[in-house]
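A look at the structure
Listed below, chain by chain, are the residues.
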Amino acid sequence: MNYPIWLIPALPLLGFLLNGLASLLYGAAQAQKRGEEWRKAHPDEGHGHDHGSHEAAHGAHDSHDAHGHDHGHHDTGPMLPWALRLFHGVVGVGTVGLATVLSFGILVPYAKSVMSNVEGARPIVETLYHWIQVGGLSIDIAFRIDALSALMLSFVTFVGTLIHLYSVGYMQAEAGYGRFFAYLNLFMFSMLMLVLANNLPMLFIGWEGVGLCSYLLIGYYYDKDFAAAAGKKAFVTNRVGDFGMVLGIFGILALFGTTDFSFVDMARQQQMASGTPLGVYAVCALLFLGACGKSAQVPLYVWLPDAMAGPTPVSALIHAATMVTAGVYLVARCSAVFLLAPDALTLVAWVGAGTAILAASIGLAQNDIKKVLAYSTVSQLGYMFLACGVGAFAIGMFHVFTHAFFKACLFLGSGSVIHALHHEQDMRAMGGLAKKTPATHLTMLVSALAIAGIVPFAGFFSKDQILGSAFAGGHYILFAVGLVTAGMTAFYMFRLYRMTFSGTYRGTPEQESHIHESPLTMTVPLWILGAGSVLTGFLGLPEVFGKNLMVEFLSPSVGKMHAHEVSHATEYLLMAVSLAVAGAGIFLAFKWYTGQDAKFTPGAAPEDIIASPAAHAFFEKTGTLGKVVANKWNVDEGIEALVLSPFRKIGTFLWRGFDALFIDGLVNASAFMVELTGDLVRFFTTGNVRNYALTFVLGVLGFTLYIWMR
């Protein structure tokens, strides 16, 4: 390594500064130019600009619907000049791409040293300067490369670069093109700070940075109410988790006397400065609360599906490479601490399993192509926490790794479909796209097979080992939940595939005539991610097939639980059962969704679109339950009724009752008494000396009378 680690996050930060500055300068110049043009056109009106007519015209071009569907590129204003778009694209992609090259320049030799040494290579720590020094506490701005951060760094930079490249084609018609790339670069900087941090406070800087960037990018179309609301929802929901995260950091400091990652080695050796088993459990629960916020676990998952309000590349970046993986990374990083509190791991496992099956059930009935993938992400994150909860931290991180490739491919593929259909997202209005968009079709098919867990695609190896770890550890109920979730995942993914690519197109002939494949800037990343959806699984082959490279690589950086062995015959049987369940889900999706039957009618029920008689019968039999699932189990309504509404009423009472009546009343009453006293006293303040003398004499007589009567 001949260059410093800090260059890796510094490059995206430089991209943010350059793109942001160029965007601001161009925006200021355009605003001045439009102001001058308007003044020339309205010389007699001065500054009386008619905002109402402008807003009416602006609203007429609102291409988002009330449900927050990303129906296209609708940042108001003309497309940027070619040269400026080239600048933003080169800076945005180039800085992240160069960071990727530098990352692999460090990671490749480090990985070789880890794999060639039985004990693993020592972490590379680079300290820039001492940040906080109080008493015996020292917190540094320092970067760390070890096996865990190396794994995260590899796919964050690589997949992030592909998403940036894809954005060049997808976002080119946006007037806010420069602003978009500035935010995207800042997102990468924040995630790299999080991944490379050598202590929890520095990790928290990146943690909050990705939270800020998610708010900016989810609410990218800030002039649309639903996008602004989705951004605020993500921001506020994550603040709940971050409250736990902050308390957890203080808890780590109390337990180990330090916040740098040396506490992991101390936890392995059970060398705590202070604390009790209950205290360790509390700290783990608080850290997990933070992880639930970032990685969208029950009950804090509700922000992630609404994050679809942002442009599709944003969805891919959040769901595959950056923000939502941070929570799993935190639990894996602190795995040695979690092993000191087995009950905390049980909590992690059950929350993960519950999230996995809940989100999968919601995904069964969604018709927005991006919403299906959003709930799929929530479900897969549940799988990752399930793995961590049963002690298979390395396997959980392996699923984070493989998921980054096939989920990025799925999201970018959905963006390609939306692009081809001129911003249509409802799968009921699609169909027959396999021949019209061959690159998108094939790459999405590969990634759908991967997430469904079909051999030899990447998702099979990581998901199967999660199920195997649960079974081997004696967590049979968790295993069953994971198995059912696997079947549901296969069903809803091939429901999506069938409704999108099979049969005939269900839109109008005019719409069909304009269907086109995406440009190379969008399809090349799809092919690369599709290849990753196949090949990355072979980095973590189950031990029944030989050496598990991923587990061996990560073992120096994650906690180790006592290994539970199963026979090879049992392992093969578990694989067969997993494949059979996934195959059943795929078969049912192909059987129930023919892709042929009906033309799309806006507002039609899900069961009335391209479904076979068997699917119709299923919806009839499920009745109310089917409607509840289609309405996402009414979770948002439940949170509104049980949490938000009561707190809103409490807030209203405190405002109008306690604050306005009591506090303001007390202050106003004091002022009134002073005012009343002044009004009474002013009658005696006449300025007449004879009146004052008379008052004085009467006072002396009164005082004398009082003394005499005593």
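Anyway, here's the lowdown on the structure attached to this text.

What counts and what doesn't
- Residues numbered from 1 in each chain as written.
- Predicted model: local features only at pLDDT ≥ 70, side-chain atom pairs only at ≥ 80, totals over all residues.
- Heavy atoms only, no water.
- Helix = DSSP H or I, 4+ residues; strand = E, 2+ residues; numbered from the N terminus.
- Buried < 20%, exposed > 50% of the residue type's maximum accessible area, 1.4 Å probe, protein only.
- Contact = heavy atoms within 4.5 Å.
- Areas by Shrake-Rupley, 256 points an atom, 1.4 Å probe, with all protein chains shown as cover.
- Lys, Arg positive; Asp, Glu negative; His and termini not counted.
- Charge placed at Lys NZ, Arg CZ, Asp CG, Glu CD.
- Pairing = 2+ DSSP bridges.
- Phe/Tyr/Trp six-rings, centres within 6.5 Å; stacked < 30°, edge-to-face > 60°.
- Lys NZ or Arg CZ within 6 Å of the ring centre and 35° of its normal.
- Core = buried A, V, L, I, M, F, W, Y, C linked by side-chain atoms within 4.5 Å.
- Salt bridge = Lys/Arg side-chain N within 4 Å of Asp/Glu carboxyl O.
- Expected span 1.5 Å × (residues − 1).
- Polar contact = N/O pair within 3.5 Å; in protein donor to acceptor, adjacent residues only side chain to side chain.
- Disulfide = S-S within 2.5 Å.
- Axes fitted to C-alpha atoms, helices over the stretch in contact; angles between N-to-C directions.
- Parallel < 35°, antiparallel > 145°, perpendicular 65-115°, else oblique.
- Left-handed = near helix turned anticlockwise from the far one by under 90°.
- Nonpolar A, V, L, I, M, F, W, Y, C, P; charged D, E, K, R; others polar.

**Concerning the overall build of the chain**
Helices and strands together make up the secondary structure of the chain, namely 27 helices and 2 strands. In terms of its C-alpha atoms, the chain occupies a principal-axis envelope of roughly 115 × 75 × 60 Å. Among the 710 residues that make up the chain, the fraction classed as buried is 52%. Within the chain, counting contacts between residues at least 6 apart in sequence, those at least 24 apart form 80% of the total. Total accessible area computed for the chain in this model is approximately 30500 Å², and 68% of it derives from carbon and sulfur atoms. Taken together, the 39 basic and 45 acidic charged side chains of the chain have centroids lying 1 Å from each other.

**Notes on the pairing of strand S2 (residues 137-145)**
With 7 of its 9 residues buried, S2 lies for the most part within the structure. Between the end of strand S1 (residues 124-134) and the start of S2, which pair antiparallel, lie 2 residues, with Gly 135 showing a positive phi angle near 60°.

**What about unusual backbone geometry?**
The omega torsion of the bond from Val 298 to Pro 299 falls at 5°, within 30 degrees of zero and hence cis. Assignment of secondary structure puts Pro 299 in the loop between helix H9 (277-294) and helix H10 (303-306). In this structure, Pro 456 follows Val 455 across a cis peptide bond, with omega equal to 5°. Backbone geometry places His 422, a non-glycine residue, at a positive phi of 55°. Topologically, His 422 is positioned in the loop between helix H16 (393-420) and helix H17 (438-452). Positive phi outside glycine occurs at Asn 634, with the angle close to 55°. Mapping Asn 634 onto the fold places it in the loop between helix H25 (624-630) and helix H26 (635-681).

**A closer look at the packing of aromatic side chains**
Applying the stated criterion across every chain yields a total of 24 aromatic pairs. Ring geometry for Tyr 220 versus Tyr 221: centroids 4.9 Å apart, planes at 75°, classification edge-to-face. For the pair shown, Tyr 220 and Tyr 221 are each scored as buried. Aromatic pair Phe 471 and Phe 479: ring centres 5.2 Å apart, planes at 65°, arrangement edge-to-face. Three or more aromatic residues link up through ring pairs in this structure, and these residues are Tyr 177, Phe 180, Phe 181, Tyr 220 and Tyr 221. Across from the ring centre of Trp 655, 4.1 Å away, lies the NZ or CZ of Arg 656, which sits over that ring.

**Section: the nonpolar core**
As a rule of thumb, soluble globular proteins bury nonpolar side chains together. Counting residues in hydrophobic clusters, the biggest one holds 180 residues, and the most contacted among them are Trp 303 and Phe 338. Among the elements that take part in this core, H16 stands out by supplying 17 residues, more than any other. Contact partners of Trp 303, with chain neighbours within four places excluded, come to Ile 218, Lys 233, Ala 234, Thr 237, Asn 238, Gly 293, Lys 294, Ala 296, Ile 318, Met 323 and Val 324. Listed in part, the 17 residues of the second largest apolar core include Tyr 383, Leu 386, Leu 483 and Ala 486.

**Comments concerning the pattern of salt bridges**
Tallied over the full model, the rule gives 13 salt bridges. Note that Lys 233 and Asp 306 form a salt bridge whose closest N and O atoms lie 2.9 Å from each other. Placement of Lys 233 in helix H7 (residues 225-256) and of Asp 306 in helix H10 is noted, with a sequence separation of 73 residues between them. Judged by relative accessible area, Asp 306 falls into the partly exposed class, the value being 25%. Among the ionic pairs, Lys 294 bridges to Asp 242, the shortest N-O distance being 3.6 Å. Taken together, the residues Lys 294 in helix H9 and Asp 242 in helix H7 connect sequence positions 52 residues apart. Accessibility classification places Lys 294 together with Asp 242 in one group, the buried group. When salt bridges with common partners are traced through the structure, they connect Glu 208, Arg 239, Asp 242 and Lys 294 into a single cluster.

**As for the environment of Gly 431**
Residue position: Gly 431 is located in the loop between H16 and H17. Sequence separation between Gly 431 and Leu 496 is 65 residues; the distance between their C-alpha atoms is 10.0 Å.

**Some thoughts on helix H27 (residues 689-709)**
Here H27 spans 30 Å end to end across 21 residues, near enough to the 30 Å set by a 1.5 Å rise per residue. Sitting at the head of H27, Asn 688 places a side-chain oxygen 3.0 Å from the backbone nitrogen of Arg 690.

**Remarks on the pairing of S1**
In terms of strand pairing, S1 meets S2 through 9 bridges, oriented antiparallel. Residue Val 134 lies in a different strand from S2, and its bridge partner there is Leu 137.

**Let's talk about the state of the cysteines**
In the structure shown here, the tally under the stated rule is 0 disulfides. Summary of cysteine pairing: Cys 292 is not part of a disulfide, and the nearest cysteine sulfur, belonging to Cys 388, is at 12 Å.

**Regarding H17**
In this model, H17 (15 residues) spans 21 Å end to end at C-alpha, consistent with the 21 Å of a helix rising 1.5 Å per residue. At its buried positions, H17 is contacted by helix H15 (369-389), H16, helix H18 (458-472), helix H19 (476-501), helix H21 (520-535) and helix H23 (568-592). Of the residues one or two after H17, Gly 453 is the one with positive phi, at around 85°.

**Focus on the side chain of Asn 19**
Mapped onto the elements of the fold, Asn 19 is located in helix H1 (residues 7-41). Its relative accessible area of 0% is what places Asn 19 among the buried residues. Within polar-contact distance, the side chain of Asn 19 engages the side chain of His 88 at 2.7 Å. The residues contacting Asn 19, other than those within four sequence positions of it, are Phe 87, His 88, Val 91, Gly 92, Gly 178, Phe 181, Ala 182 and Asn 185.

**Focus: the packing of helix H14 (residues 342-363) against H15**
Relative orientation of the contacting elements H14 and H15 amounts to 160°, with a least axis distance of 7 Å. The orientation of H14 relative to H15 falls into the category roughly antiparallel. Note that H14 runs across H15; the crossing there is left-handed. Judged by residue contacts, Leu 345, Thr 346, Val 348, Ala 349, Gly 352, Ala 353, Thr 355, Ala 356, Ala 359, Ala 360, Ile 362 and Gly 363 of H14 engage Val 372, Tyr 375, Val 378, Ser 379, Gly 382, Tyr 383, Phe 385, Leu 386, Cys 388 and Gly 389 from H15. Here the residues of the contact of H14 with H15 are counted per class, giving 15 nonpolar, 7 polar and no charged.

**Here we look at the packing of H17 against H19**
Where H17 contacts H19, the axes come no closer than 9 Å and their chain directions differ by 165°. Of the possible angle classes, the one that applies to H17 and H19 is roughly antiparallel. H19 is crossed by H17, and the crossing has left-handed handedness. Seen from H17, the contacting residues are Thr 440, His 441, Met 444, Leu 445, Ala 448, Leu 449, Ile 451 and Ala 452; seen from H19, they are Thr 489, Ala 490, Met 493, Phe 494, Leu 496, Tyr 497 and Phe 501.

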